[in-house]
Amino acid sequence: MFKEYDVIVVGGGHAGCEAAAAAANLGSSVLLVTMNMQTIGQMSCNPAMGGVAKGQIVKEVDALGGYSGLVTDTSMIQFRMLNKSKGAAMWSPRSQNDRMLFAADWRKRLEQTPNLDFWQEMVTGLLVKDKRVYGVKTQLGIEIKSKTVVLTNGTFLNGLIHIGEKQFGGGRVGEKAAVGITAQLVELGFESGRMKTGTPPRIDGRSLNWEVMEEQPGDEEIIPFSNLNDSLPSKQRSCHITYTNKEVHDILRTGFNRSPLFTGRIQGVGPRYCPSIEDKIDRFAERDRHQLFVEPEGWDTVEIYVNGFSSSLPEEVQYKALTKIRGFENARMFRPGYAIEYDFFQPEQLKLSLETQVVDNLYFAGQINGTTGYEEAACQGLMAGINAHLRAANEDAFTVSRSEAYIGVLIDDLINKGTKEPYRMFTSRAEYRILLRQDNADLRLTEKAYKLGLANQERYDKSQRKLKESEEILRFLQNQSIEPASIDRLLEERGTSTLKQKQKILPILMRPQISIDDLISIPEIGAVLKQYGKDALEQAEIQSKYSGYIAKEKDMADRMAKLENIRLSQSFDYHKLTSLSMEAREKLLKVKPQTLGQASRISGVSPSDISVLMVHLGR
């Protein structure tokens, strides 16, 4: 019934969708196996994409030829650019999305992708021989063979749902857990662990008093996540803000003695930066209120997501507390919040390609690696799908470095440091964040994806046109001078010093008070700049204002790249180098770094250990 595939992807969440699409678009024959084809691309928790650092990741996935940006734009009901009051490196796009449209668009795109087949069933095990995977085994006992396998199981591996004192197996509410894979992987030598995440209750929006809540509209200007998308919503839906209070907290505390979080029934570690409401009022007891974002689930539904009220308390405690929130006095609950525990595998057991060290041709992506968030999962799925295709074609792996993408930062962090809690991306994790802005993801990555064969001609041409135009704008600003009489009035209005003599335009734009739109308002400058696109103008402005910082980070990245070019043998026995510390020897043998640069970022490997390695390598 089944042919032998190049790639089998297990799981139809964000990681699985991107993995299947990438491998198929590169030319591999792909089978996507999921327990429920009706939930492909499901937004299991909040109906939103992007946010701080996460928005940059979605832009990078799009620049590499993934689908997440396109799907996000198509299903968008609100857009906001976060951190606009800060520097460009901190700007982060975020969208509110229609949950049903998002999943429907994902499935439609996958069904229209050549080389991609589907099978609805639970995978219970892998086909492995001589430490090499060659397919999967399903619950019906069917064996499906392939050259590579990508596991993207999300929260389904031995998933256990908690609501108060009640618990039941499941990977998501209403869906059964996946069993069998964890036990086999542990038997093969993998180190597993348990993590926990949660979700808030869903509320009937018809029962809320919107007038007493603070409205949060979207930005007037919508910036697409995808460079290929010119069709954006003509209207937006507002979110709203309200707050918990002391009475809410007191009611929630009455359920602590039945909380699986506090009674020890939950063994998994939860996300530090997205704690449950009961965890927040316990850890921050001095605070008498917490902010809640009241978010619509779509264009044509009354279902509301209460962002900030994730909980695993008994359902009656959740409901009673909700009705004491301003605007929620008459709230009707669709379903309570819950916590879910699931298995993951320490990512230190992976290579930078996301192939496992223990079993050849097997790739992990998403929450199985200890991450949290749709965006983190999607980018891992993309990279795993690319590399599974390359492995099936007997080609070298594709990776991106920390100075090239947030994707590179995420994977490098996971491989070299592991994680003891659900990993979430932040701009602070990237030492080269001025280089890794949301506005230049296409300039950083699209040419690489084009050479790989994943980014199409249209995407490549758009990125090259933007690069060419931004360079032309900078040359014009560098070479063209302006008389004081033409610009002094504008400078006075903006509160900056006037010119004493004729001056080049570029240093004027570098002033913090002056924008490129200000310059366009001057006829002799505007006559030239108005012929260029908005994205090229923005790129030129950012490049000019941050030129010194950008140059400094590029220099740092170039110096680090020298260590990245020094390869290390995967079979080297570090115990032979007695000059290395014992901890360094143990960590190096566990991670098996591919380069000296990677070795330098492993927790427990000191600068002196790197010096020892350099001496050994004759450097």
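A brief look at the structure comes next. Since the structure is predicted, the reported quantities are computational estimates derived from the model, not experimental observations. (Residues numbered from 1 in each chain as written. Predicted model: local features only at pLDDT ≥ 70, side-chain atom pairs only at ≥ 80, totals over all residues. Heavy atoms only, no water.)

1. Quick notes on the overall build of the protein
Of the regular secondary structure elements, the protein holds 22 helices and 22 strands. In terms of overall dimensions, the protein is globule-like: its C-alpha atoms have a radius of gyration of 26 Å, near the 25 Å expected for 619 residues. When the backbone C-alpha atoms are referred to their principal axes, the protein occupies close to 80 × 70 × 50 Å. Out of the 619 residues in the protein, the part that is buried amounts to 57%. The contacts of the protein with a sequence gap of at least 6 include a subset with a gap of at least 24, amounting to 72%. Roughly 25800 Å² of accessible area belongs to the protein as shown, and the carbon and sulfur atoms make up 47% of that amount. Positive and negative side-chain charges of the protein, numbering 79 and 79 respectively, have mean locations separated by a distance of 2 Å. (Helix = DSSP H or I, 4+ residues; strand = E, 2+ residues; numbered from the N terminus. Rg over C-alpha atoms; globule rule 2.2 N^0.38 Å. Buried < 20%, exposed > 50% of the residue type's maximum accessible area, 1.4 Å probe, protein only. Contact = heavy atoms within 4.5 Å. Areas by Shrake-Rupley, 256 points an atom, 1.4 Å probe, with all protein chains shown as cover. Lys, Arg positive; Asp, Glu negative; His and termini not counted. Charge placed at Lys NZ, Arg CZ, Asp CG, Glu CD.)

2. Some points on the sheet that holds strand S3 (residues 48-50)
In spatial order, the strands read S3-S5-S4; together these 3 strands make up an open sheet with antiparallel pairing. Looking along the sheet, the strands with just one partner apiece sit at the ends: S3 and strand S4 (76-82). For this sheet the average axis-to-axis angle between neighbouring strands, irrespective of direction, equals 20°. Sheet topology places S4 next to strand S5 (residues 92-97); 6 bridges connect them, and they run antiparallel. Directly across from phenylalanine 79, in S5, lies its bridge partner serine 95. (Pairing = 2+ DSSP bridges. Axes fitted to C-alpha atoms, helices over the stretch in contact; angles between N-to-C directions.)

3. Re the packing of aromatic side chains
Counting across every chain of the model gives 9 aromatic pairs. With a centroid separation of 4.9 Å and 90° between ring planes, the pair formed by phenylalanine 2 and tryptophan 119 is classed as edge-to-face. Note that phenylalanine 2 is positioned in the segment before strand S1 (5-10) and tryptophan 119 in strand S6 (residues 116-120), a separation of 117 residues in sequence. Between phenylalanine 79 and phenylalanine 225, the ring centres sit 6.2 Å apart and the planes meet at 75°, which makes this aromatic pair edge-to-face. Here phenylalanine 79, found in strand S4, pairs with phenylalanine 225, found in the loop between strand S14 (214-216) and strand S15 (239-243); they are 146 residues apart in sequence, far enough to count as distant. (Phe/Tyr/Trp six-rings, centres within 6.5 Å; stacked < 30°, edge-to-face > 60°.)

4. Brief notes about helix H5 (residues 181-188)
Buried residues of H5: Ile181, Thr182, Gln184, Leu185 and Leu188, and no others. Angular distribution of buried residues about the axis of H5 spans 165°; they occupy a single face of the element. Exposed residues on H5 whose side chains face more than 90 degrees from its buried face are Ala183 and Glu187. Buried-residue contacts for H5 involve strand S7 (123-129), strand S9 (143-151), strand S12 (192-199), strand S19 (338-345) and strand S20 (362-364). Backbone geometry just downstream of H5 places glycine 189 in the positive-phi region, at approximately 115°. (Arc of directions from axis to C-beta.)

5. Section: the sheet that holds S19
Ordered in space as S11-S10-S19-S12, the 4 strands form an open sheet in which the pairing is antiparallel. Where the open sheet ends on each side, the last strands, each with one partner, are strand S11 (166-169) and S12. With strand direction ignored, the average angle separating the axes of adjacent strands in the sheet is 25°. Relative to S19, S12 is paired through 8 bridges, and the arrangement is antiparallel. Bridge pairing in S19 places serine 192 opposite phenylalanine 345. On the sheet, H5 packs against S12 and S19 and is oriented at approximately 30° with respect to S19.

6. Observations regarding the pattern of salt bridges
By the definition in use, this model includes 42 salt bridges. The residue glutamate 375 makes a salt bridge to lysine 54 at a minimum N-O spacing of 3.3 Å. One end of the pair, glutamate 375, is in helix H10 (residues 374-392); the other, lysine 54, is in helix H2 (residues 54-63), with 321 residues separating them in the sequence. The same class applies to glutamate 375 and to lysine 54, which are both buried. With its nearest N and O atoms 3.3 Å apart, the salt bridge here joins glutamate 295 to arginine 94. In this pair, glutamate 295 sits in strand S16 (residues 291-296) while arginine 94 sits in strand S5, placing the two residues 201 residues apart along the sequence. By sharing partners, the salt bridges in this structure join Arg402, Asp412, Asp413, Lys417, Glu431, Glu564 and Arg601 into a single network. (Salt bridge = Lys/Arg side-chain N within 4 Å of Asp/Glu carboxyl O.)

7. As for the nonpolar core
Counting 118 residues, the largest nonpolar core has Leu151, Leu185 and Leu362 as the members making the most contacts within it. The element contributing the most residues to this core is H10, with 9 residues. If sequence neighbours within four positions are ignored, leucine 185 has contacts with Leu126, Leu151, Phe190, Phe345, Leu362 and Phe364. Formed by 24 residues, the second largest nonpolar core is a distinct cluster that contains Ile505, Ile516, Leu519 and Leu529. (Core = buried A, V, L, I, M, F, W, Y, C linked by side-chain atoms within 4.5 Å.)

8. A closer look at the packing of helix H13 (residues 457-479) against helix H18 (residues 534-545)
As a packed pair, H13 and H18 sit with axes 8 Å apart at the nearest point and diverge in direction by 55°. Compared by their axis directions, H13 and H18 come out oblique. Once H13 is placed against H18, the crossing between them reads as right-handed. Between H13 and H18, the contacting residues are Lys466, Glu469, Ser470, Ile473 and Leu474 on the first element and Asp535, Ala536, Leu537, Gln539, Ala540, Gln543 and Ser544 on the second. Considering only residue class, the contact of H13 with H18 consists of 5 nonpolar, 4 polar and 3 charged. (Parallel < 35°, antiparallel > 145°, perpendicular 65-115°, else oblique. Left-handed = near helix turned anticlockwise from the far one by under 90°. Nonpolar A, V, L, I, M, F, W, Y, C, P; charged D, E, K, R; others polar.)

9. Focus on helix H9 (residues 315-322)
Within the sequence span of H9, burial applies to Val317, Gln318, Ala321 and Leu322. Taken around the axis of H9, the buried residues stretch over an arc of 130°, which confines them to a single face.

10. Overview of the environment of lysine 554
Here lysine 554 shows up in helix H19 (residues 547-564). Sequence-wise, lysine 554 and glutamine 167 are 387 residues apart; in three dimensions their C-alpha atoms are separated by 51 Å.

11. Quick notes on the side chain of glutamate 175
With respect to the helices and strands, the residue glutamate 175 is situated in the loop between S11 and H5. Residue glutamate 175 is classed as buried on the basis of its relative accessible area, which comes to 15%. Separated by 2.8 Å, the side chains of glutamate 175 and arginine 172 make a polar contact. Those residues in contact with glutamate 175, other than ones at most four positions away along the chain, are Asn36, Thr39, Phe156, Gly169 and Gly170. (Polar contact = N/O pair within 3.5 Å; in protein donor to acceptor, adjacent residues only side chain to side chain.)

12. What to know about the side chain of glutamate 375
Looking at glutamate 375, the relative accessible area reads 4%, which means it is buried. The residues contacting glutamate 375, other than those within four sequence positions of it, are Ala48, Met49, Gly50, Lys54, Ile57 and Val58.

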